[in-house]
Amino acid sequence: MMLHIKSITIKVLAATAILLNTISFASEPLSVDVQGNKVEVIVHLPGDISADLTLQFENAVGLTRDSLGLSAELIDVTSLDIIDRLPNGLNITPAAAFPMMITIEPKANTGFSFSGVATVDLHTHNLEYTAGTPLRFFKAPLNGDFKDITETLGSGSLRTRGTTGKFSQFIIVADLRAPIVVVEQKISDLQTALNAFSPQINAAVYSALLQDINEINQLISTQDYNTASNKLNAFNRRINDNRGINIPDVWRSSRDIRNIAGELMAYANTLRFSLRLID
C-alpha cells in the first residue's frame, strides 16, 4: 500500500513539474532570433495581444538578444502616463485593440553599436489595415515624448515600418490630426534636429542641408508636395554621401556619441510618408 501511494505521489510530482515547465515556457513573452544584422522577435502578451517585430541594421557590432535590452508590456491606453507623452492627447490615442509597448534600451556596458539607420518593422493581427486608416507607428526615448516615425503601412493585418538612429519605446496610435498639421510638425522637428546637431556637422555640409530644408519648407508652403518629397530624397542622399566623415553616423550603447546621420534620415523618411498622404 505504501509503495502504491509512493508511486502515485511520484507520478503526480512528475506531471506537476511538466506542467510548470510548460507554463513557464508559454509565459515567455519574447522569442528572439539574431542573425547577423537582423533581429526577428515574436511577442505574446496576455489577452492574445501579439506582434512580430523585425529590426534590420546596416552594420551592427555586438548584436545579441541580451545587448538589445528588449522588453514588451501591456499598457493602459487611458493612462495619463502615456497620454501626456503624446503630441496631442485629444487627437492622438493609443490603439485600444493593441495596448502593447515595446522597449529597446541596450545597457551601457554591452559594447553594442550600429551605424546609419535601423529599420523597425511591426506586424500584428490585433489591428487591421484599411484605406485611410489613422493608425500610425510612434516612438519615444525612454519615458520621453512620442513622435510619429511611420514610413509605410501595409494591407490586411497591420504592417508598419519606421526608421530610427537611436533606441526607443514603440507603440501604435490612432492619429486623427489633419495630414498638413502632421507635415508641419515633422518639418519643424527636422529643422530643430538639424539646428541642434549643427556644431557636430561640417560647416559647409550643414549649410547645404539647411538650404535643402529651407527649399522643402517653401515647397510645402506652395503645396508642391511631390517636389518636396523629391527634395527630401536629395537631402538624404547628401547625408549619406557625407556620413562617417562630415556627419557622425554611429550609435553606441555607451551613449557617448550621437548617430546624427541616422536620426536626420529617419526624420526625413517619416516626413516623406506624410507628404504622400496630402499629395
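For every chain, the first residue of the written sequence is number 1, and numbering continues from 1 along that sequence. The predicted origin of the model limits local features to residues at a pLDDT of at least 70 and limits the giving and counting of side-chain atom pairs to 80 or more, whereas totals for whole chains, interfaces and linings rest on all residues. Side-chain measures here rest on the full set of heavy atoms in the structure, leaving out hydrogens and waters.

Draft legend 1. Layout of the overall build of the chain. In DSSP terms, a helix is any run of H or I states spanning at least four residues, a strand is any run of E spanning at least two, and both are numbered starting from the N terminus. Within the chain one finds seven helices and 13 strands. For the chain, the proportion of its 279 residues judged to be buried stands at 46%. In this analysis, two residues are considered to be in contact whenever any of their non-hydrogen atoms come within 4.5 Å of each other. If you take every contact in the chain between residues at least 6 apart in sequence, the share linking residues at least 24 apart comes to 73%. Only the protein chains shown count as cover for residues, with accessible areas throughout obtained via the Shrake-Rupley method and a probe of 1.4 Å. Accessible surface for the chain amounts to roughly 13800 Å². Of this, 54% is attributable to carbon and sulfur atoms. Burial classes follow relative accessibility: with a 1.4 Å probe on protein chains only, a residue under 20% of its type's maximum area counts as buried, one over 50% as exposed, and anything between as partly exposed.

Draft legend 2. Examining the packing of helix 5 (residues 203-221) against helix 6 (residues 225-242) more closely. Axis separation between helix 5 and helix 6 bottoms out at 8 Å; the angle between their running directions is 170 degrees. Viewed along their axes, helix 5 and helix 6 adopt a mutual orientation that is roughly antiparallel. In this structure, helix 5 contributes V205, A208, L209, D212, I213, E215, I216, L219 and I220 to the contact, and helix 6 contributes Y225, T227, A228, K231, L232, F235, R238, I239 and N242. Residue composition of the contact of helix 5 with helix 6, grouped by class: 12 nonpolar, two polar and four charged. To obtain an axis, a line is fitted to C-alpha atoms, over the contacting stretch when the element is a helix, and the angle between two such axes runs from 0 to 180 degrees between their N-to-C directions. With respect to orientation, any angle under 35 degrees is reported as roughly parallel, any angle over 145 as roughly antiparallel, any angle of 65 to 115 as roughly perpendicular, and every other angle as oblique. Residues are grouped as follows: nonpolar covers Ala, Val, Leu, Ile, Met, Phe, Trp, Tyr, Cys and Pro; charged covers Asp, Glu, Lys and Arg; every other residue, Gly included, is treated as polar.

Draft legend 3. Structural view of the packing of aromatic side chains. Each pair of aromatic rings taken from Phe, Tyr and Trp, with Trp reduced to its six-membered ring, is defined by centres within 6.5 Å and is described as stacked if the planes are under 30 degrees apart, edge-to-face if over 60, and tilted in the remaining cases. One pass over the structure, following the stated rule, counts 10 aromatic pairs. Note on F57 and F112: the rings are 5.7 Å apart at their centroids and 75 degrees apart in plane angle, and the pair reads as edge-to-face. Linking F57 in strand 3 (residues 49-61) with F112 in the loop between strand 6 (100-104) and strand 7 (113-129), this pair joins segments that are 55 residues apart in sequence. Counting every residue linked through ring pairs, the aromatic cluster contains F57, F112, F114, F167 and W251.

Draft legend 4. The arrangement of the nonpolar core in detail. By convention a nonpolar core is built from buried Ala, Val, Leu, Ile, Met, Phe, Trp, Tyr and Cys residues, the set being connected through side-chain atoms within 4.5 Å. Counting residues in each nonpolar core, the largest one holds 36 residues, and the members touching the most others are L53, F57, L68, L70, F98, F112 and I172. Elements with a minimum of two residues in this core: strand 1 (30-35), strand 2 (38-45), strand 3, strand 4 (70-74), strand 6, strand 7, strand 8 (135-140) and strand 12 (169-175). With six residues, the single largest contributor to this core is strand 3. Every residue in contact with L70, bar those within four places of it in the chain, is listed here: L30, V32, V41, L53, I102, T103 and I104.

Draft legend 5. Here's a closer look at the pairing of strand 1. Two strands pair when backbone bridges link them, and strand 1 and strand 2 are joined in this way by six bridges, in the antiparallel orientation. Along strand 2, the bridge assignment pairs L30 with V43. By this definition, two strands are paired if DSSP reports at least two bridges between them. Here strand 1 folds back onto strand 2, and the loop between the two strands holds two residues, one of which, G36, carries a positive phi near 60 degrees.

Draft legend 6. Focus on the layout of surface pockets. Space inside and on the surface of the protein is sampled on a 1 Å grid over the protein atoms alone, with a cavity defined as a set of points where a 1.4 Å probe fits but cannot get out and a pocket as an open set with protein on both sides within 12 Å along at least 5 of 7 lines; lining residues have an atom within 4 Å of a point. Grid points are joined across faces, edges and corners, and a volume is the space filled by probe spheres set on the points. Computed from the structure, the largest pocket encloses a volume of approximately 380 Å³. Considering the residues around the largest pocket, the lining is formed by 24 residues, among which K139, K147, D148, I149 and Y267 are closest to the centre. At the level of elements, strand 8, strand 9 (147-148), strand 11 (156-164), helix 4 (179-197) and helix 7 (260-278) are the ones that each hand at least two residues to the lining of the largest pocket. Along the lines of polarity and charge, the residues of the lining of the largest pocket split into nine nonpolar, six polar and nine charged. Each pocket or cavity is described by its volume, and for the second largest pocket that value is around 160 Å³. What lines the second largest pocket is E105, P141, L142, K166, F167, W251, R255, I257, R258, N259 and E263. Counted by class, the lining of the second largest pocket contains five nonpolar, one polar and five charged residues.

Draft legend 7. The arrangement of the environment of E215 in detail. Residue placement: E215 occurs in helix 5. Its relative accessible area of 31% is what places E215 among the partly exposed residues. For the pair E215 and A228, spaced 13 residues apart in the sequence, the C-alpha separation amounts to 7.9 Å.

Draft legend 8. Up close: helix 5. Here, expected helix span is obtained from the residue count minus one, scaled by 1.5 Å. Look at helix 5: 27 Å from first C-alpha to last across 19 residues, which is about the 27 Å you get at 1.5 Å a residue. Every buried residue of helix 5 is accounted for by V205, Y206, L209, D212, I213, I216, L219 and I220. Taken down its axis, helix 5 places every buried residue within 145 degrees of arc, on the same side. Exposed residues lying more than 90 degrees from the buried face of helix 5 are A203, A204 and S221. Of the surrounding elements, those touching the buried residues of helix 5 are helix 4, helix 6 and helix 7. In this structure N202 caps helix 5, since a side-chain oxygen of it lies 3.0 Å from the backbone nitrogen of A204. The first or second residue beyond helix 5 is Q223, which carries a positive phi of 65 degrees. This arc is built from the directions going out from the helix axis to the C-beta atoms. A 3.5 Å cut-off defines polar contacts: any pair of N or O atoms within that distance qualifies, except that in protein one atom must be a possible hydrogen donor and the other a possible acceptor, and neighbouring residues in sequence count only when both atoms are side-chain atoms.

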